[in-house]
Amino acid sequence: MAAESGKITSRYLDEKVSQLEKERCGLEEELNHMQEGRQEAIAKEVQDIETTWDSLDIVGKNRIAELLISRILLFPDHMDIEWKYRFDLG
């Protein structure tokens, strides 16, 4: 191999870049798949929370809010909630 003999050729570098690009694409695809599964699991948990919310104490409700809310923006005439996750509960 060109790298083992002390010389690195452009062909060797091209092959290495191509190999790394394939690995990156595979990892991105795997990550996307994992994120989709996580989003589905979170949506299911949110639906389950809806049925148990009234029975939770204030500490439990606060913990859930901390897990789901990224930040709350307060304005003079309204407020916006930025969620940590996208929810498609429809």
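Only a predicted model underlies this, so the values are computations on that prediction, with no experimental measurement involved.

What counts, and at which threshold
Residues numbered from 1 in each chain as written. Predicted model: local features only at pLDDT ≥ 70, side-chain atom pairs only at ≥ 80, totals over all residues. Heavy atoms only, no water. Helix = DSSP H or I, 4+ residues; strand = E, 2+ residues; numbered from the N terminus. Buried < 20%, exposed > 50% of the residue type's maximum accessible area, 1.4 Å probe, protein only. Contact = heavy atoms within 4.5 Å. Areas by Shrake-Rupley, 256 points an atom, 1.4 Å probe, with all protein chains shown as cover. Salt bridge = Lys/Arg side-chain N within 4 Å of Asp/Glu carboxyl O. Expected span 1.5 Å × (residues − 1). Patch = residues over 30% accessible without salt bridge, like charges linked within 9 Å, V, L, I, M, F, W, Y side chains within 5 Å.

> Mind laying out the overall build of the chain, listing which residues take part and the relevant values?
Regarding its fold elements, the chain presents two helices and two strands. Listing every helix and strand of the chain by position from the N terminus yields α-α-β-β. Looking at the chain residue by residue over its 90 residues, the buried ones come to 11%. Look at the contacts in the chain between residues 6 or more apart in sequence, and 21% of them connect residues 24 or more apart. Split by element, the accessible area of the chain, about 8,000 Å² in all, is 55% carbon and sulfur.

> Let's hear about the pattern of salt bridges: which residues, and what values?
Oppositely charged side chains can form a pair if their charged atoms are brought close together. Overall, the coordinates contain five salt bridges when judged by the stated rule. Through salt bridges that share partners, Glu21, Arg24 and Glu28 make up one connected network.

> An account of helix 1 (residues 10-52) is needed here, citing residue identities and associated values.
Taking 1.5 Å of rise per residue, the 43 residues of helix 1 would be expected to cover 63 Å, and the 62 Å separating its terminal C-alpha atoms lies within 8% of that figure. Where helix 1 is buried, its residues touch helix 2 (58-68).

> So, a nonpolar patch on the surface: which residues are in play, and what are the values?
A grouping of Ile72, Leu74, Met79, Ile81 and Trp83 is seen on the molecular surface, where their side chains present a nonpolar patch of about 520 Å² in accessible area. Mapped onto the nonpolar patch, the elements with two or more residues apiece are strand 1 (69-74) and strand 2 (79-83). Here the nonpolar patch gets three residues from one element, more than from any other, and that element is strand 2. Turning to its location among the elements, Ile72 is positioned in strand 1. For Ile72, a relative accessible area of 45% translates into the label partly exposed.

Structural measurements only, silent on function.
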